[in-house]
Amino acid sequence: MGWWMRRIDAIGISLGVFAAGGLVYLVLQLVGLDSMNAGIWSQVFLISALVVWVFSYLTRVLSKDMTYDKQLRDYEEAVLQKRLEELTPEELATLQAEIEQENQRAKG
C-alpha cells in the first residue's frame with residue numbers, strides 16, 4: 001500500500017458522508033422540523049462541511065503543507081546531509097569559505 005487513497009477508502013468516505021447527512025436529517029426531524037426543512041438544513045450542513053474541507057485543502061496546497069511536500073523536503077534534507085557527510089575535511093572547509101564569501105557579498 002502507498003500513501004494514496006485506495007478505491008475502498010473513497011467508497012467508505014462517501015458512504016460515511018451520506019450516512020452523516022441522513023443522521024443530521026433524522027436528528028433535525030426529531031427536534032421538530034418538518035421533512036422539507038430538515039432536508040434543506042441537512043443539505044446546508046453538508047454543503048457547509050464541503051466548503052470548509054475545500055478551503056482547508058486549498059490552504060494546505062498553497063502553504064505547501066501537503067504530505068508530498070513534506071516527504072520531498074525530508075528527502076532533499078537527507079540527500080544534502082549525506083553529501084555533507086561524504087565531504088573530506090578539506091572540501092568542507094572550502095565549502096564553508098565559499099558560503100562565507102557569498103554572505104559577505106550579500107551584506108556588502
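Since the model is a prediction, treat every value here as computed from it, not as a measurement.

**What about the packing of aromatic side chains?**
Part 1 of the reasoning: Per the stated rule, a full pass over the model turns up one aromatic pair.
Part 2 of the reasoning: Geometrically, the ring pair formed by Trp53 and Tyr57 is stacked, given 5.5 Å between the ring centres and 25 degrees between the ring planes. One end of the pair is Trp53 and the other is Tyr57, both in helix H2 (residues 35-62) and four residues apart, which spans about a single turn.
Part 3 of the reasoning: For Trp53, a relative accessible area of 49% puts it in the partly exposed group.

**Quick look at the confidence of the model for the chain**
Part 1 of the reasoning: Per-chain confidence: the chain averages 88 in pLDDT, with 94% of residues scoring 70 or above.
Part 2 of the reasoning: The least confident element of the chain is helix H4 (residues 89-107), whose mean pLDDT is 88; the most confident is H2, at 92.

**With respect to the pattern of salt bridges**
Between side chains of opposite charge, a pair can form as their charged atoms come close.
Part 1 of the reasoning: Scanning all chains against the criterion turns up three salt bridges.
Part 2 of the reasoning: Residue Lys82 is joined to Glu86 by a salt bridge in which the shortest nitrogen-to-oxygen separation is 3.4 Å. Note that Lys82 and Glu86 are positioned in helix H3 (residues 67-86) at a spacing of four residues, about one turn of the helix.
Part 3 of the reasoning: Relative accessible area serves as the criterion here: at 53%, Glu86 is assigned to the exposed category.
Part 4 of the reasoning: Glu102 serves as the salt-bridge partner of Arg105, at 3.0 Å between the closest nitrogen and oxygen. One end of the pair is Arg105 and the other is Glu102, both in helix H4 and three residues apart, which spans about a single turn.

So, how was this worked out
Residues numbered from 1 in each chain as written. Predicted model: local features only at pLDDT ≥ 70, side-chain atom pairs only at ≥ 80, totals over all residues. Heavy atoms only, no water. Phe/Tyr/Trp six-rings, centres within 6.5 Å; stacked < 30°, edge-to-face > 60°. Helix = DSSP H or I, 4+ residues; strand = E, 2+ residues; numbered from the N terminus. Buried < 20%, exposed > 50% of the residue type's maximum accessible area, 1.4 Å probe, protein only. pLDDT = per-residue confidence, 0-100. Salt bridge = Lys/Arg side-chain N within 4 Å of Asp/Glu carboxyl O.

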